[in-house]
Every structure is written in structure tokens, then in C-alpha cells.
Amino acid sequence: MSAEQENRGGSDVRRAARLSVAPMMDWTDRHCRYLHRLLSQRALLYTEMVTAPALVRGGALHLLDFNPEEHPVALQLGGSDPQELAQAARLGEQAGYDQIDLNCGCPSDRVQSGTFGAVLMRSPELVADCVAAMREAVKIDVTVKCRIGVDEQEPREVLPDFLEKISAAGCGRVVIHARKAWLQGLSPKENRDIPPLDYELVREMKRAFPQLHVSINGGIDDLGTAEALLADGLDGVMIGRAAYHQPWDILANADARIYGEAGHPVSPEAAVQAMLPYIERHLAGGGRLHQITRHMLGLFAGRPGARQWRRVLSEGATRDGAGPELVEEALSRVPAAA
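Read on for an overview of the structure. No experiment lies behind these values; they were computed from the predicted model shown.

## Brief notes about the pattern of salt bridges
It is possible for side chains of opposite charge to pair when their charged atoms get near one another. By the definition in use, this model includes 20 salt bridges. Across the pair glutamate 152 and arginine 122 runs a salt bridge whose closest N-O atoms are separated by 3.2 Å. Taken together, the residues span a long stretch of sequence, with glutamate 152 in the loop between β6 (141–147) and α6 (155–168) and arginine 122 in the loop between β5 (99–104) and α5 (124–137) at a distance of 30 residues. Accessibility expressed as a relative area gives 59% for glutamate 152, which makes it exposed. Between glutamate 227 and arginine 257 there is a salt bridge; the shortest N-O distance is 2.7 Å. A residue pair is termed long-range when its members are at least 10 positions apart, and glutamate 227 in helix α8 (residues 223–231) and arginine 257 in helix α11 (residues 254–257) qualify at 30 residues.

The structure is reproduced here in C-alpha cells:
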């Protein structure tokens, strides 16, 4: 563990977990997280899921790259082999992550390396073995993100057993997506919307496992809902697509409303200006503008000029030679806020 991690300590990550941005494949990459950190200094950010085999067998350590400014930041791992996950967790700790999370919620039942994601809800003993191996391998927190059940399972029967087993294995924090996952018959996209939400079951789990830090995920699209869920006794709220598509609305006010910190939120315009040096460094290293600006399209959601902002970036950022001047042009299409 680095000195920086030692200084921050697990309690700070737990406090950060009052509000987190969900790990989302193809979305929450390092450029997205850099932008999100400009908007909120406190929220816990997650990587996209990285498979343990890619790190351990494939040697794809570049997947662990991140910017120091992103802290506190969690690495989400996918896999089902305890020893392989332990090795991957160790690599994540060495890379400087503040937390390691095991994906037991992705509604896909296999990748090349084998079983991972929500199908692990069927194997709580295996998940417990994975957690125990990872906990033994690292000093930072090991957490689990799960569903309330899969397919024909009865959530009120399987979820308490699942939580009991991973808690006994040393997992002190869990994020529960308050929907079942249907592994047969629904696509991953449909699994984000069609199965009904059961917030009350998650509340019941917090009451049944008071020692567990329980965060809730699924269908939360504004800070008011997040505040209400925290007031209900839950320890944290995880927001996914709303935080991505409306990052300013969700994150810029989070430090004051969720963490009780004084100060004015950074404006979308100021966030854009703060991104320009980052964009210049990325381009100087051989990167492309659209790799960053695709995550910035929602910054002005709901504001006059938002459509022009999106159009200029969407049409121009993929062109050869596109640079910071295109971002400044897009910003000029947004009327100054009153």
C-alpha cells in the first residue's frame, strides 16, 4: 500500500462511498473519471470492469492506468477464480487504487476466461472464497457489487444467504443493484430497465446486516432521490447513467448536498476550461480528441446551447487534427449563465 493510501485510510473511502458513480463498460474510463473528479472532490469513482485473466494471464497492465487526481477511485474486477482474483487485486493495490470491487452484477454469464458477473449470485460459496483470497492478498477494502438475484431465484431467500457468506469472508461493504438479472431472455441493456426495482428489499438487508456498509444502485437519477435513500438508513447511493449523461447536475452539487461541504459548485464552463490542459497532454501523447470529449457531451444538459455544444463536438472531434480549439468553439455556442 502506498503512503498516500495509508494516509487516506479506509474510513475516507467509506465516507466517499456515500455517493459513487457506477462502473460502466465503455463509459467510465480514465478520461471520464478525470472530468467527474473536477465536478466532485468527494464522490467515489469506479473503473470499467477489468477482467482478472486480462491482468494475470494477459499482462494487460495498461488497463490499470489512471490519473492521481482521480482519488478516491475503485478498481472493479471480473472473474471467478479466487487465486487469480487475488493476484489481480494485488496488482490493483500496487497500481494505487483505493478499493477493489468484485463484479457479481453484470448480466452476462460468461467471458473467455469463464464465469463472471451476475451468474455468481448462484454460487455464494465461490464468491466468499474469492473475497477471502482477495482480502488476504491486499490491505485495501475489498467490496462486492451484486444483484438481488438472478432468473428464477427468490431474492428474499438468496440475497440474505449471499450477504451472510461474503460478510463472513471479510467483505465489509456491498453495492446492491436493486433488480434481478435475467441471464436468459433479456439483453444486458434490457436488464438495466425491465426487471422491477425493489428498494425495500435493500433497506431490509441493511437492517438485517447492520455491520455491512450497504449502498443501493438502480434507477436513481437525481440527488433528491439519493438524499432520501440515505435518510432511510442506507450507507451509500450509486448512480450510473444519470451521472454520465448529466454529470454537472449530479456531481457538481454532490459535495454540498451529500457530504455537507461548504462552497460553490464548479460551473460547467469552468470544468471545460479545466479540461483543456488535460486534453492538450492527451493529444501530445498521441491521443485523439473524441476519446475525451465524448464524455463531456452532457455537461450542459438542460441548458440553452446544449444542443449546439453537443453538435460541434460530435461532428468535429473525430476529425484529424481536432484539438482544444474545437472545444472552445463548442463552448462559445453556449450562452453565458445568468
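What follows continues from the structure just given.
## Digging into the environment of lysine 206
Its place among the elements puts lysine 206 in helix α7 (residues 199–208). Separated by 132 residues in the primary sequence, lysine 206 and alanine 74 have C-alpha atoms spaced 22 Å apart. Ignoring sequence-local partners within four residues, the contact set of lysine 206 consists of Leu212, Val214, Gly233, Leu234 and Asp235. At 2.8 Å, the side chain of lysine 206 and the side chain of aspartate 235 are in polar contact.

## Here we look at the packing of α5 against α6
At a minimum axis distance of 8 Å, the contact between α5 and α6 shows a crossing angle of 25°. Classed by the angle they form, the pair α5 and α6 counts as roughly parallel. Here the hand of the crossing between α5 and α6 comes out right-handed. Side by side, α5 and α6 meet where Pro124, Glu125, Val127, Ala128 and Val131 of the first sit next to Asp161, Phe162, Lys165 and Ile166 of the second. When grouped by side-chain class, the residues that make up the contact of α5 with α6 number six nonpolar, no polar and three charged.

## Regarding the side chain of serine 167
Secondary-structure assignment places serine 167 in helix α6. Residue class for serine 167 comes out buried when judged on its relative accessible area of 18%.

## Quick look at the environment of aspartate 249
Turning to its location among the elements, aspartate 249 is positioned in helix α10 (residues 247–252). According to the relative accessible area criterion, aspartate 249 is partly exposed, its value standing at 33%. Between the C-alpha atom of aspartate 249 and that of leucine 77, which follows or precedes it by 172 residues, the distance is 29 Å. Apart from the residues within four sequence positions on either side, aspartate 249 is in contact with Leu223 and Ala301.

## Points about the side chain of histidine 177
Along the chain, histidine 177 turns up in strand β7 (residues 173–177). For histidine 177, a relative accessible area of 9% translates into the label buried. A distance of 3.4 Å separates polar atoms of two side chains, one belonging to histidine 177 and the other to asparagine 217. Those residues within four positions of histidine 177 in sequence are excluded, and the remaining contacts are Lys145, Cys146, Arg147, Ile148, Asn217 and Gly218.

## Section: the pairing of strand β8 (residues 213–217)
In terms of burial, β8 is largely enclosed, as five of its five residues are buried. Going residue by residue along β8, you find His213, Ser215 and Asn217 tucked away on one face and Val214 and Ile216 tucked away on the opposite face as well. Bridge count for β7 against β8 is five bridges, and the pairing is parallel. When the sheet's bridge partners are listed, arginine 173 is paired in β8 with histidine 213. Each parallel crossover has a hand, and the one from β7 via α7 to β8 is right-handed. Direction of pairing for β8 relative to strand β9 (residues 236–239): parallel, over a ladder of three bridges. The residue of β9 that forms the bridge with serine 215 is glycine 236. With respect to chirality, the unit in which β8 leads through α8 into the neighbouring parallel β9 is right-handed.

## So, the pairing of β9
Residues Gly236 and Met238 point to one face of β9 and Val237 and Ile239 to the other, with burial holding for every one of them. Pairing analysis gives three bridges linking strand β1 (residues 19–21) to β9, with the strands arranged parallel. For valine 21, the partnering residue across the bridge sits in β9 and is isoleucine 239.

## Some details on unusual backbone geometry
Note that the residue after histidine 71, namely proline 72, is joined by a cis bond; omega there is -5°. For proline 72, the location among the structural elements is in the loop between α3 (52–56) and β4 (73–78). With phi around 70°, aspartate 26 is a residue other than glycine that occupies positive phi space. Topologically, aspartate 26 is positioned in the loop between β1 and α2 (30–39). On the basis of relative accessible area, aspartate 26 is assigned to the exposed category, the value being 53%. In this model, aspartate 151 sits at a positive phi of 50°, which is unusual for a non-glycine residue. Topologically, aspartate 151 is positioned in the loop between β6 and α6.

Rules used throughout
Residues numbered from 1 in each chain as written. Predicted model: local features only at pLDDT ≥ 70, side-chain atom pairs only at ≥ 80, totals over all residues. Heavy atoms only, no water. Salt bridge = Lys/Arg side-chain N within 4 Å of Asp/Glu carboxyl O. Helix = DSSP H or I, 4+ residues; strand = E, 2+ residues; numbered from the N terminus. Buried < 20%, exposed > 50% of the residue type's maximum accessible area, 1.4 Å probe, protein only. Contact = heavy atoms within 4.5 Å. Polar contact = N/O pair within 3.5 Å; in protein donor to acceptor, adjacent residues only side chain to side chain. Axes fitted to C-alpha atoms, helices over the stretch in contact; angles between N-to-C directions. Parallel < 35°, antiparallel > 145°, perpendicular 65-115°, else oblique. Left-handed = near helix turned anticlockwise from the far one by under 90°. Nonpolar A, V, L, I, M, F, W, Y, C, P; charged D, E, K, R; others polar. Pairing = 2+ DSSP bridges. Right-handed = clockwise from strand over helix to strand, strands pointing away.

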